[in-house]
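Examining the three-dimensional arrangement
Here's the letter readout for the chains.
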Amino acid sequence: MTSRERMLAACACRPLDRPPVWIMRQAGRYLPEYRALKARHSFGELVRTPALAAQVTLQPLRRFAFDAAILFSDILVVPEALGQGYRFQDGGGIAMDFRLETRAQLDQLTAAGLPERLAYVGEALRLVRRELGDATALLGFGGSPWTLACYMLEGGGSDAFTRARELFRADRAFFDALLEKLAAALIGYFQLQIAAGADAIQIFDSWGGLVAGPDYEAASLQWIRRIIAALPAAFPVILFATGTAANLAAQAASGARVVGVDATVDLPAAHDALAQDPALRQRGIRVGLQGNLDPALPSATPEIVRRETRRLLESMRGRPGHIVNLGHGIRPDAKPECVAALVETVVNWK
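What comes next concerns the included structure.

About the cut-offs
- Residues numbered from 1 in each chain as written.
- Predicted model: local features only at pLDDT ≥ 70, side-chain atom pairs only at ≥ 80, totals over all residues.
- Heavy atoms only, no water.
- Helix = DSSP H or I, 4+ residues; strand = E, 2+ residues; numbered from the N terminus.
- Rg over C-alpha atoms; globule rule 2.2 N^0.38 Å.
- Contact = heavy atoms within 4.5 Å.
- Areas by Shrake-Rupley, 256 points an atom, 1.4 Å probe, with all protein chains shown as cover.
- Lys, Arg positive; Asp, Glu negative; His and termini not counted.
- Charge placed at Lys NZ, Arg CZ, Asp CG, Glu CD.
- Buried < 20%, exposed > 50% of the residue type's maximum accessible area, 1.4 Å probe, protein only.
- Polar contact = N/O pair within 3.5 Å; in protein donor to acceptor, adjacent residues only side chain to side chain.
- Expected span 1.5 Å × (residues − 1).
- Bend = angle between axes of the 7 residues up to and from the residue.
- Axes fitted to C-alpha atoms, helices over the stretch in contact; angles between N-to-C directions.
- Parallel < 35°, antiparallel > 145°, perpendicular 65-115°, else oblique.
- Left-handed = near helix turned anticlockwise from the far one by under 90°.
- Nonpolar A, V, L, I, M, F, W, Y, C, P; charged D, E, K, R; others polar.

Considerations on the overall build of the protein
For the protein, the count of helices and strands is 17 helices and nine strands. For 350 residues, the compact-globule estimate of 2.2 N^0.38 gives 20 Å, and the C-alpha radius of gyration of the protein, at 19 Å, lies within 12% of that figure. Taken along its principal axes, the extent of the C-alpha atoms in the protein is 60 × 55 × 35 Å. Here the contacts in the protein between residues at least 6 apart in sequence split such that 75% fall between residues at least 24 apart. Accessible area of the protein: about 14,000 Å², with a carbon and sulfur share of 51%. Distance from the positive charge centre (39 side chains) to the negative charge centre (36 side chains) of the protein: 3 Å.

Given below as structure tokens:
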């Protein structure tokens, strides 16, 4: 079985000899070859130049036996294509070109010509697809409407994104108009990625945990559901959110084939709860689970990584549909030898 077949089988919850493995944010500052490229090119150049984006995407695959490559890009390319650019500040953090505050600003954001403005993403995917052939899965991705709105309304990065939360309650018409526009743009963006050769799409609802539990459906999940429904039937979508364990069953019913969970979740218990959920069983819904090793683990030692990875694998034995991953993106201080130990442990596990 090829790595690509293994990944797609896990998305379909079929039993496997071992789970597939990949790591969110595979490429990055923990790889010396990435740092060498970054010394010569800005982040924006790496993202917007197809040959460079493809090169960075493939760097981890040249070191580690991952079952999937995930495109090197950024979730904020969508707001940028709509007309609200972004940049990384010298002191760290993200800044949007302006803070979205008025209806006039919102009306100026347009998805017209979006496929042309994001054509570099499709070209990067095609370059990677040609390199990988049919052996290894290729994943595209994007942010959820809620998560993108957080950055757009705040004007950059934040720990709390209070403005998005306030607007959701104070001006629902403005909020819904923004998320409607984002959902439509993301549908087109994901269709572009699928046409370019992506085998699956991961939707990052990175700030979903900031929404109060009863409001998660209205603020975030309904828009994700709309996007998934507009993609080809049964196309594998992985939905990953942090801090949303209370909404796991609702996420499983969203149309996603796999739900990723953060490192705070008891993964076997989550699997069993979903398998036994009466509403999901009645509708014949079965989803895979992705995760959920501690993101700090690759910064430890290879011995600790092997021990903790084996423990996770044993806890999920007999529970089909598991994709091994970290409970969030890999950290800059991760050690390549620890990533190698993680992947080797999964690959050699029986």
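The discussion continues.
Notes on the side chain of Ser299
As for its position among the elements, Ser299 is in the loop between strand E8 (288-293) and helix H16 (302-315). You can call Ser299 buried: its relative accessible area is 19%. Separated by 2.8 Å, the side chains of Ser299 and Asp333 make a polar contact. Setting aside chain neighbours within four positions, we find Ser299 in contact with Arg331, Asp333, Ala334 and Lys335.

Details of helix H12 (residues 216-230)
With 15 residues, H12 extends 21 Å from end C-alpha to end C-alpha; this agrees with the ideal 21 Å at 1.5 Å per step. Maximum bend of H12: about 30°, positioned at Gln222. Every buried residue of H12 is accounted for by Tyr216, Ala219, Ser220, Leu221, Trp223, Ile224, Ile227 and Ile228.

Structural notes on the packing of helix H11 (residues 172-195) against H12
The contact between H11 and H12 brings their axes to 9 Å, and the two run at 30°. By the angle between their directions, the pair H11 and H12 is classed as roughly parallel. Handedness of the crossing formed by H11 with H12: right-handed. Where H11 approaches H12, its residues Arg172, Phe175, Asp176, Leu179, Glu180, Ala183, Leu186, Ile187, Phe190 and Gln191 are matched on the opposing element by Ala218, Ala219, Trp223, Arg226, Ile227 and Ala230. Here the residues of the contact of H11 with H12 are counted per class, giving 11 nonpolar, one polar and four charged.

The values are spatial; any link to function lies outside them.
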